[in-house]
Amino acid sequence: MDPKPLLQFLVLMSMAGATHSSSLSKGRYMASVFSDLTPEEMTSVRNFLMDQEQLRLVPIRSHFGKNSLFMMELNLPKKRHVLNFLDNLGPKPLREAKVVIFFGDQAQPNITEYIVGPLPHPYYYKPVTSKSNKPIRYESRPMTFLEYERIYRRLLELTQDFNHILLETSGFSFYNCSSRCLTFTDIAPRGLKSGERRSWLVLQKYLDGFFLHPIGMEILLNHRSVNPSEWSIDKIWYNGQYFDGVKELVQKYEKNQLTRLRLSDDTNDPYSTFEPRGEFKTKTDIPGPKLCAPQGKRYRVLGNYVEYAGWSFAYRVRPSAGLQIFDIRYNSERIAYEVSIQEAIAFYSGVSPAGMQTKYIDSGWGMGTVHYELAKGIDCPEVTTYQDLYNYYDTDKPVRYKNALCIFEQPTGLPLRRHFDSTYDGGYKFYAGVENQVLVVRTTSTVYNYDYIWDFIFYQNGVIEVKVSATGYIHATFFTPDGLHTGSRVHSNVLGNLHTHLVNYKVDLDIA
């Protein structure tokens, strides 16, 4: 056998591999201008700011109402500077961080954003000012782990005077509750005018899927003060009736001047769990179809840079908003500079305060930080590339979420293009069809009860699709007969409130 053809083939394959490797490495370098902060960069920024004595920063997980670093993310460079780097071989823009600091321990508490840089060894920080130059009120801050912990602790104190009502109504309580404890879901906005910080809390049995276990009581907690001992219950909604605080509720309950409520014990009813129940007409206890890649993956991922068919792009996951795609090119031509999630909003209706007042703006709940690990074979196919994500949000050190982003190729089940060229006499001149596989970049956001699944889908004909799928649990309130005007009864004491979702994307096209 003549070895020359084989040697020539191996040399060509080696050259092709080197070309691909060089292209991938260059792509990664260019895409790094969009890459999220690394754990090392986050730690460097935190240490630098903690050393600034004039800021008087303390750890956010151990001090409430003080000056604390709440969040940090990449400060995305200006587009013109990035394009000069990508297209004109200009200098690479400096890496900077944008941080959010809660200033609670000063004469005029506020929230301030700063730009910190350059990374990885910062030596300056400068405030970000709005066009109105007005400070952001301290009362407008997002909730933190420590504030939730303080709310629960305060509820132990505030509910003791009507603990007997909670027990008689539901069999559950906050105080000395052991395995039959109450929990709550808080809703937003936290007030109806600037400067307020009052949250309606839906009281629920702390069972699996507690979102579907409201007990018929909602309380309005005033938690504006930085001193939790001053927090108070301003109003109570109980079984369709309003009361101006704990005292009025207890008095009318004792005098039997209200419509009392006594719930049945449903602790052994698995209706709110993921436990399978019932039977289907066909077998479901055997494995279903699975995705496979017989000859390996047909895409490449290096860092935050991805190549697939004619596509190349960079990605990041912004803490507030989530998945964002940059420098999207098809056959080396830029199609879009940015296609990114910006916001998800949900407006609710209802007859209880938690139904009628709920207006969730999910970026304010850290929509881009609640992704968690993806389950193989469920959240993403088995044949998938997983990437870890790192956050600095309501924490004192970088937090790693293993396998929180996945990239995979899948068939759509429809041809990308096909034609049956009929002769109209039972025959045909030709048939042509093109298989349709797509590349999917996916993350999830579990914003309390809702689980959003975010997909960016790349077709081989130059089409980009953005898709969001909503799952998880509904935001439910307690069922009263008048609730049927604003929702549907989904269980004995559960009302599924009518609501609408609005999802906003930024699309910055750079075609031709």
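The shown structure was predicted, so the numbers you read here are calculated from the model rather than taken from an experiment. (Residues numbered from 1 in each chain as written. Predicted model: local features only at pLDDT ≥ 70, side-chain atom pairs only at ≥ 80, totals over all residues. Heavy atoms only, no water.)

A. Structural view of the side chain of Asp-327. Topologically, Asp-327 is positioned in strand β14 (residues 322–330). Only 2.8 Å separates the side chain of Asp-327 from the side chain of Arg-334, close enough to count as a polar contact. Once residues within four sequence positions are removed from consideration, Asp-327 is found in contact with Phe-34, Leu-86, Ser-312, Phe-313, Arg-334, Ala-336 and Tyr-337. (Helix = DSSP H or I, 4+ residues; strand = E, 2+ residues; numbered from the N terminus. Polar contact = N/O pair within 3.5 Å; in protein donor to acceptor, adjacent residues only side chain to side chain. Contact = heavy atoms within 4.5 Å.)

B. The pairing of strand β21 (residues 437–447), seen in detail. Within β21, 10 of the 11 residues are buried, which leaves it mostly tucked inside the rest of the structure. Pairing analysis gives six bridges linking strand β18 (residues 399–411) to β21, with the strands arranged antiparallel. Bridge pairing in β21 links Gln-410 to Val-438. The pairing of β21 with strand β22 (residues 450–459) spans 10 bridges and is classified as antiparallel. Within β22, the residue paired with Thr-444 across the bridge is Ile-453. In textbook terms, the turn of a hairpin is the stretch between consecutive antiparallel strands, and for β21 and β22 this stretch comprises two residues, one of which, Tyr-448, has a positive phi near 60 degrees. (Buried < 20%, exposed > 50% of the residue type's maximum accessible area, 1.4 Å probe, protein only. Pairing = 2+ DSSP bridges.)

C. Fine view of the packing of helix α5 (residues 163–170) against helix α6 (residues 246–254). Between α5 and α6, the shortest axis-to-axis distance is 10 Å and the interhelical angle comes to 60 degrees. The orientation of α5 with respect to α6, classified from their angle, is oblique. Read as a crossing pair, α5 and α6 show a hand that is left-handed. Residue-level contacts link His-164, Ile-165 and Glu-168 of α5 to Leu-249, Val-250, Tyr-253 and Glu-254 of α6. (Axes fitted to C-alpha atoms, helices over the stretch in contact; angles between N-to-C directions. Parallel < 35°, antiparallel > 145°, perpendicular 65-115°, else oblique. Left-handed = near helix turned anticlockwise from the far one by under 90°.)

D. The arrangement of helix α4 (residues 145–158) in detail. When the terminal C-alpha atoms of α4 are compared, their 20 Å separation across 14 residues agrees well with the 20 Å that a helix rising 1.5 Å per residue should span. Taken as a whole, α4 has its buried residues at Leu-146, Glu-147, Tyr-148, Arg-150, Ile-151, Arg-154, Leu-155 and Leu-158. Against β6 (182–186), β7 (198–205), β8 (214–222), β9 (232–238) and α6 lie the buried residues of α4. (Expected span 1.5 Å × (residues − 1).)

E. Focus on the UniProt feature "active site" (unreviewed entry) in the chain. Cross-referencing UniProt, the feature "active site" (unreviewed entry) maps to Asp-362 and Tyr-450 in the present numbering. Spanning 89 residues, the named residues nonetheless gather at one spot, since no C-alpha pair among them exceeds 10.3 Å. Relative to the assigned elements, Asp-362 resides in the loop between β16 (359–361) and β17 (385–391). The residues contacting Asp-362, other than those within four sequence positions of it, are Ser-320, Glu-343, Ala-344, Met-367, Val-447 and Tyr-452. Within the secondary structure, Tyr-450 sits in strand β22. Here Tyr-450 is in contact with Tyr-348, Ser-445, Ala-470, Thr-471, Tyr-473, His-499 and His-501, once residues within four sequence places are set aside. (UniProt positions renumbered as here; feature names shortened; annotations may be inferred.)

F. Structural view of the pattern of salt bridges. All chains considered together, the criterion is met by 33 salt bridges. A salt bridge links Arg-95 to Glu-41, with the shortest nitrogen-to-oxygen separation between them at 2.8 Å. Taken together, the residues span a long stretch of sequence, with Arg-95 in the loop between α3 (79–88) and β2 (97–103) and Glu-41 in helix α2 (residues 39–50) at a distance of 54 residues. It is possible to trace a salt-bridge network through shared partners that takes in Asp-36, Glu-73, Arg-316 and Arg-318. (Salt bridge = Lys/Arg side-chain N within 4 Å of Asp/Glu carboxyl O.)

G. Geometry of unusual backbone geometry. In this structure, Pro-118 follows Gly-117 across a cis peptide bond, with omega equal to -15 degrees. Positionally, Pro-118 belongs in the loop between β3 (110–117) and β4 (124–127). Residue Pro-120 follows Leu-119 across a cis peptide bond; omega there is 15 degrees. Along the chain, Pro-120 turns up in the loop between β3 and β4. One non-glycine residue, Arg-56, lies in the positive phi region at around 55 degrees. Along the chain, Arg-56 falls in the loop between α2 and β1 (67–74).

H. Layout of the side chain of Ser-32. Structurally, Ser-32 is set in the loop between α1 (4–31) and α2. Setting aside anything within four residues of it in sequence, one finds Ser-32 in contact with Lys-92, Arg-95 and Asn-304.

I. Structural context of the state of the cysteines. If you walk through the whole model with that rule in mind, you get two disulfides. Cys-177 shares a disulfide with Cys-181; S-S distance 1.9 Å. One disulfide, between Cys-177 and Cys-181, carries an S-S torsion of 80 degrees and so falls in the right-handed class. Here Cys-177 matches Cys-181 in class, with each residue buried. A sulfur-sulfur separation of 2.1 Å characterises the disulfide bridge that pairs Cys-380 with Cys-406. Where Cys-380 bonds to Cys-406 through sulfur, the torsion about that S-S bond is close to -80 degrees, and the disulfide is left-handed. You can see Cys-380 sitting in the loop between β16 and β17 and its partner Cys-406 sitting in strand β18, a full 26 residues away along the chain. Pair check on accessibility: Cys-380 and Cys-406 agree, each one buried. Here the cysteine-cysteine linkages of the chain are recorded as 1-2, 3-4, numbering only bonded cysteines and doing so in sequence order. Cysteine Cys-292 is unpaired, with the sulfur of Cys-380 as its nearest cysteine sulfur at 17 Å. The exposure class assigned to Cys-292 is exposed, which follows from its relative accessible area of 57%. (Disulfide = S-S within 2.5 Å.)

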